[in-house]
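So the chains spell out like this:
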Amino acid sequence: MSTRRQDEDLHISEHDLLRLTADMEEAHQATLPAMQAGTEELVEEVRTADVRRRGFLVGIGAAAAAFALTARSGEAPAYAAESSPVAKPSPYTGDLKVVALAVALENQAVMAYGAALKAAKAGRLGTVPPAVATFAVTAMNQHAAHAKAWNAVLTGAGRPAIKGVPLTNQAATLKALGKVTSVTGVARLALSLEEQAAQTYSFATTHVTSPAGIKTAATIAPVEAQHAAILHFVLGEYPVQDTFLPLDKAAKPTLLTV
Amino acid sequence: MGVQRIDTRLLKQLSEQSQDLNSDAMRLTHGSLVGMDRTVSRDDIRALQTAASLENLAVSVYRTAAGLPFIKHGNRTVAAFIATTITQHSAHARAFNAAAMNAGGVAQTAVNPKYAAVVKQALPGIKGPADVVALAVTLEDAATQTYVKNTGEVRDVQLRKLFASVAPVEAQHRATLLAVQALLGAGRPELVAIPTDVSKLPAAAGSVAFPQAFYPSKNASPVTEGAVK
């Protein structure tokens, strides 16, 4: 096959691939209404739980509130154990603490991909392959969509939206990002965030009590895992590393600083 | 002739991976069974059997594919992917069946009837790796959507944990296959390699593997679809 012929093939295929991407973007948009319905259901569940909780908490001190809420459900002992009495109680308790953690993790991913793209533009990462740039933009947009969906749950429940990255590991993540000088370095860092996110959602499916919350986490975990698979491929590693998704890298609710 | 083409290092690596994966399966299955609610609903057992039926079909299809000349003597990365994926789906089937039996049900050893018909219809048209990949994409998507839905619907928390641990893996299979499909479609089979030449990957190859921000479940198999009658 001649070089010219190869170029023609590539040109046509690239066009086809872009068309395919556009089709997939449509498919992505098509999933949004269902997702919105899911978050509305979750907001309603949280509101109902709040009403029940307020009734239950009459006469009980605020410091005992978080523990009482979680203990009542009997299904989220991990979070109950990690809620410590502080001067200013967190607005995020029970399932909402997991939702807040999810937003923070998503915001962290958006921040990381954004910073990487900025560094790439500034030429600090060397030559960035087109596929890697496309990956970063697409993954960043999907993480932003996840954050938006989870924030809608928080605001719907009367809690403040999580705007930044209130995580104890954020300083270390920023430091690591600042040190990265190659595409491989960025991919490795992104992989750690994607694996953490996928595992956190998998963990969440058995540690939140709300059916809508479980369903929402179940729809996001596979997508983060897909991001991780492609990052493994980019790093020259086998894309499907585990037969069963482990939980050893799942973020703990104690990571949240609000 | 075929024997001469076998890469013994690759086989050794796959064999080691297979042992690791089997250990993972045993560990996870054991973890799923410990503390499992003895009063698992009938629908939960059906969901497990239907999941096993999807896994059985995937194993059967990948095994058949592995024996096709254009796979056996074709791209080594595709062949290695198929071999590893057979091991992973086999482990999933064992885990689902073990959970079903522990809950008082029986193991599902048959293939999923709905998707078996899809496979039967597709078989005459399979002429090359791209056709195999397209069929595998369909099966992996069916499994992922089913497990995403089951994660939200099974009542037993240990079963939920099992489905939640398998759905992302099937999604990764699909992501890998979509990337391979894109590269084969682009006439760049040489880039289907580990490691690949990342600098030569087409731009769109960076996004085709994860078309949705939220994994859908509208095409999930109902719990009765592959249940033991």
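Our subject is the structure listed above.
The sections below set out a description of the structure shown in this document.

Analysis parameters
- Residues numbered from 1 in each chain as written.
- Chains lettered and ligands numbered in written order.
- Predicted model: local features only at pLDDT ≥ 70, side-chain atom pairs only at ≥ 80, totals over all residues.
- Helix = DSSP H or I, 4+ residues; strand = E, 2+ residues; numbered from the N terminus.
- Buried ≥ 20, exposed ≤ 12 C-beta atoms within 10 Å, placed from the backbone.
- Contact = placed C-beta atoms within 7 Å.
- Axes fitted to C-alpha atoms, helices over the stretch in contact; angles between N-to-C directions.
- Parallel < 35°, antiparallel > 145°, perpendicular 65-115°, else oblique.
- Left-handed = near helix turned anticlockwise from the far one by under 90°.
- Nonpolar A, V, L, I, M, F, W, Y, C, P; charged D, E, K, R; others polar.
- Expected span 1.5 Å × (residues − 1).
- Core = buried A, V, L, I, M, F, W, Y, C linked by C-beta atoms within 7 Å.

What follows is about the overall build of chain A. A tally of helices and strands in chain A yields eight helices and zero strands. Helices (α) and strands (β) of chain A occur, in sequence order from the N terminus, as α-α-α-α-α-α-α-α. Counting over 258 residues, chain A shows a buried share of 44%. Restricting the contact set of chain A to residue pairs at least 6 apart, pairs at least 24 apart contribute 76%.

The next thing to look at is the packing of helix α5 (residues 130-156) of chain A against helix α8 (residues 211-234) of chain A. When two helices pack together, their arrangement is given by the angle between the helix axes and by the axis-to-axis distance. Residues and elements named next belong to chain A. Two elements in contact, α5 and α8, have axes whose closest approach is 12 Å; the angle formed by their N-to-C orientations is 165 degrees. By the angle between their directions, the pair α5 and α8 is classed as roughly antiparallel. In this structure, the crossing between α5 and α8 has a hand that is left-handed. Within the contact between the two elements, α5 uses Val 132, Phe 135, Ala 139, Gln 142, His 146 and Ala 149 and α8 uses Thr 216, Ile 220, Val 223, His 227, Ile 230 and Val 234. Taken together, the residues that form the contact of α5 with α8 break down as eight nonpolar, four polar and no charged.

Moving on, we come to the interface of chain A and chain B. Between chain A and chain B, the residue contacts involve 54 residues of the former and 51 residues of the latter. Mapped onto the side of chain A that touches chain B, the elements with two or more residues apiece are α1 (3-56), α5, α7 (183-204) and α8 of chain A. Counting residues per element, the side of chain A that touches chain B draws most heavily on α8 of chain A, which supplies 16 residues. Classifying every residue of the side of chain A that touches chain B gives 33 nonpolar, 16 polar and five charged.

All names here are of chain A. Contact geometry for α7 and α8: axes closest at 8 Å, N-to-C directions at 155 degrees. As summarised for this structure, α7 and α8 are arranged roughly antiparallel, according to the angle between their axes. α8 is crossed by α7, and the crossing has left-handed handedness. Only Ala 217, Ile 220, Ala 221, Glu 224, Ala 225, His 227, Ala 228, Leu 231, His 232 and Val 234 of α8 make contact with α7, whose side of the interface consists of Ala 187, Ala 190, Leu 191, Glu 194, Glu 195, Ala 197, Ala 198, Tyr 201, Ser 202 and Ala 204. When the residues that make up the contact of α7 with α8 are grouped by side-chain class, the tally is 14 nonpolar, three polar and three charged.

Within the secondary structure, Gln 172 of chain B sits in helix α7 (residues 157-185). Take Gln 172 of chain B: there are 30 C-beta atoms within 10 Å of it, and that puts it in the buried class. Leaving out residues up to four positions away in the same chain, Gln 172 of chain B has contacts with Ala 225, Gln 226, Ala 229, Pro 239 and Val 240 of chain A.

Here Ile 194 of chain B and Pro 195 of chain B are connected by a cis peptide whose omega angle stands at 0 degrees. Position of Pro 195 of chain B relative to the elements: it lies in the segment after α7.

On to helix α4 (residues 95-121) of chain A. Residue and element names in this part refer to chain A. Between its first and last C-alpha atoms α4 spans 39 Å; for 27 residues at 1.5 Å apiece the expected length is 39 Å, and the two agree. Of all 27 residues that make up α4, 19 are buried, and the element is covered over most of its length. Following α4 by one or two positions, Gly 123 adopts a phi angle in the positive range, close to 80 degrees.

One finds Ala 100 of chain A together with Ala 179 of chain B to be the most contacted residues of the largest nonpolar core, which totals 132 residues. Elements with a contribution of two residues or more to this core: α4, α5, α7 and α8 of chain A together with α2 (42-67), α4 (76-102), α6 (129-153) and α7 of chain B. The element best represented in this core is α7 of chain B, accounting for 16 residues. Filtering out sequence-adjacent residues up to four positions away, Ala 100 of chain A remains in contact with Tyr 92, Leu 154, Ile 162, Leu 256 and Val 258 of chain A.

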